[in-house]
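In case you want the letters, here they are:
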Amino acid sequence: MWDKILFFDSLSDYPFARYVDHVLHILCTRGTMSFAFQEVRYNIVPGDYVILPNPSLASDFSESGDFEAVIMCLSEPFVTSMSIRSNYGIVGHMSLLQNPVMKLSAHDYTICLEDLQRIRERQAEEGHLFRDEMMGYLLLVHVLNLYDIHARLQTGHQVSERNADLLRRFVEMLHRKEYVHDRNLSHYASRLCITPHYLTEVCKKVSGRPASYWIDRFTTHEIARLLRHKEIPLKDIADRMNFSSLSHLSRYVQKQLGMSPSEYRSRAVGRPRRLASAVQTF
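My aim in this report is to walk through the structure given alongside it, one point at a time. (Residues numbered from 1 in each chain as written. Predicted model: local features only at pLDDT ≥ 70, side-chain atom pairs only at ≥ 80, totals over all residues. Heavy atoms only, no water.)

1. Details of the packing of aromatic side chains
All chains considered together, the criterion is met by eight aromatic pairs. Ring centres of F35 and Y42 lie 5.6 Å apart, and the angle between their planes is 25°; this geometry places the pair in the stacked category. Residue classification places F35 among the buried residues on the basis of a relative accessible area of 0%. On the basis of an interplanar angle of 90° and a centroid distance of 5.7 Å, the ring pair of F170 and Y188 is categorised as edge-to-face. Taken together, the positions of F170 in helix 5 (residues 161-175) and Y188 in helix 6 (residues 185-191) put the pair 18 residues apart, joining distant regions of the chain. Residue Y188 is classed as buried on the basis of its relative accessible area, which comes to 0%. In textbook terms, an aromatic cluster arises when at least three aromatic residues are bridged by ring pairs, as seen for F35, F37, Y42 and F61. Here the basic side chain of R183 rests over the ring of F243, its NZ or CZ set 4.0 Å away from the ring centre. (Phe/Tyr/Trp six-rings, centres within 6.5 Å; stacked < 30°, edge-to-face > 60°. Buried < 20%, exposed > 50% of the residue type's maximum accessible area, 1.4 Å probe, protein only. Helix = DSSP H or I, 4+ residues; strand = E, 2+ residues; numbered from the N terminus. Lys NZ or Arg CZ within 6 Å of the ring centre and 35° of its normal.)

Written as structure tokens, this is what we have:
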């Protein structure tokens, strides 16, 4: 099966665990849905466009009975192979890690819906001799439209090609979970051959947050994910996350989440979930 671009009609049909390297796009056309993303709950209505560059950060999906949407998942290697000549991708990526929802105007909604319908229509043409190239160009048009929409919704940041590459590599390290073994800013700066101050300033310019914020955010999400598995002892979580002791983990969780690991676990375990995502990966 050609799985570089896939479409689904419902999140209940979406095989989260199977497509661990895909980016998830959801354009709500009717009804409502909701999900949790990095401990924040989002309620989606018609005209909302959701982009999850890392669906592992999302969970607790639920849909209304009349929910309808165009749901598209993209293979990350396929998207990367498009080699878009714009560094806006990393700006959008970091912004979407803070808020994955775009509220579309009526005009932008029509553009996105037509883009997705066209991609889906041509994706079904299995006999096309230049399928990869054709689908790549159709997707490129849609991605550039998303860049335009997202940039108009933001205050607008200019970032050099060099800094865009630095941030891309920094985010890739976080996606690879290097924070499990090292949460020191100096580690990432050294890997990127720059100073910690420079990395912090570049992150702040693009996302409004310092580099340490992103390290802590990814770390906190992974800890929260482990805490939701009540069968894992807290001491084992401390060991897995390379904390020197359970008390060290407790202090970190208290600072980041405002409560102890035990308190978070008692609140998190047992929350109702209609659709739970357990996957990795503009």
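2. Looking at the nonpolar core
Generally speaking, nonpolar side chains in soluble globular proteins are found buried as a group. In terms of nonpolar packing, the biggest core is built from 61 residues, with L24, I26, F35 and F170 touching the most fellow members. Among residues more than four places away in sequence, those in contact with I26 are L11, M33, D48, Y49, V50, F67, A69, V70 and I71. Among the nonpolar cores identified, the runner-up in size contains 25 residues, and V23, L27, C112 and I119 belong to it. (Core = buried A, V, L, I, M, F, W, Y, C linked by side-chain atoms within 4.5 Å. Contact = heavy atoms within 4.5 Å.)

3. Observations concerning the sheet that holds strand 5 (residues 48-52)
In space, the five strands of this open sheet follow the order 1-7-2-5-8, with antiparallel pairing throughout. Each end of this open sheet is capped by a strand with a single partner; those strands are strand 1 (5-8) and strand 8 (101-103). Pairwise comparison of adjacent strand axes, ignoring direction, gives a mean angle of 15° for this sheet. In the packing of helix 4 (residues 131-153) onto the sheet, the strands contacted are strand 1, strand 2 (22-30), strand 5, strand 7 (68-75) and strand 8, and the crossing angle to strand 8 comes to about 75°. (Pairing = 2+ DSSP bridges. Axes fitted to C-alpha atoms, helices over the stretch in contact; angles between N-to-C directions.)

4. Structural notes on the sheet that holds strand 6 (residues 58-63)
Across the sheet, three strands lie side by side as 4-3-6; this open sheet has antiparallel pairing. Of all the strands in the sheet, just strand 4 (40-44) and strand 6 have a single pairing partner and so form its edges. For this sheet, the mean inter-axis angle between neighbouring strands, taken without regard to orientation, is 15°. Sheet analysis places strand 3 (residues 33-37) next to strand 4, joined by five bridges and oriented antiparallel. If you follow F35 over to strand 4, its bridge partner there is Y42.

5. Details of the packing of helix 5 against helix 7 (residues 196-207)
Their axes nearest at 10 Å, the elements helix 5 and helix 7 cross at an angle of 100°. The orientation of helix 5 with respect to helix 7, classified from their angle, is roughly perpendicular. Every residue of helix 7 that contacts helix 5 at R162, N163, L166, L167 and F170 is listed here: Y198, L199, V202, C203 and V206. Per-class residue counts for the contact of helix 5 with helix 7 are eight nonpolar, one polar and one charged. (Parallel < 35°, antiparallel > 145°, perpendicular 65-115°, else oblique. Nonpolar A, V, L, I, M, F, W, Y, C, P; charged D, E, K, R; others polar.)

6. Comments concerning the packing of helix 8 (residues 211-227) against helix 10 (residues 246-257)
To describe two helices that pack against each other, one gives the angle between their axes and the distance between the axes. Running from N to C, helix 8 and helix 10 cross one another at 110°; their axes reach a closest spacing of 11 Å. Considering their axes alone, helix 8 and helix 10 lie roughly perpendicular with respect to each other. Seen from above, helix 8 lies across helix 10 with left-handed handedness. Taken together, the residues of helix 10 that come into contact with helix 8 (itself represented by D216, T219, T220 and I223) are L249, Y252, V253, Q256 and L257. For the contact of helix 8 with helix 10, the residue count by class is five nonpolar, three polar and one charged. (Left-handed = near helix turned anticlockwise from the far one by under 90°.)

7. Things to note about the side chain of T220
Within the secondary structure, T220 is located in helix 8. Judged by its relative accessible area of 11%, T220 is buried. Leaving out residues up to four positions away in the same chain, T220 has contacts with Y252, Q256 and L257.

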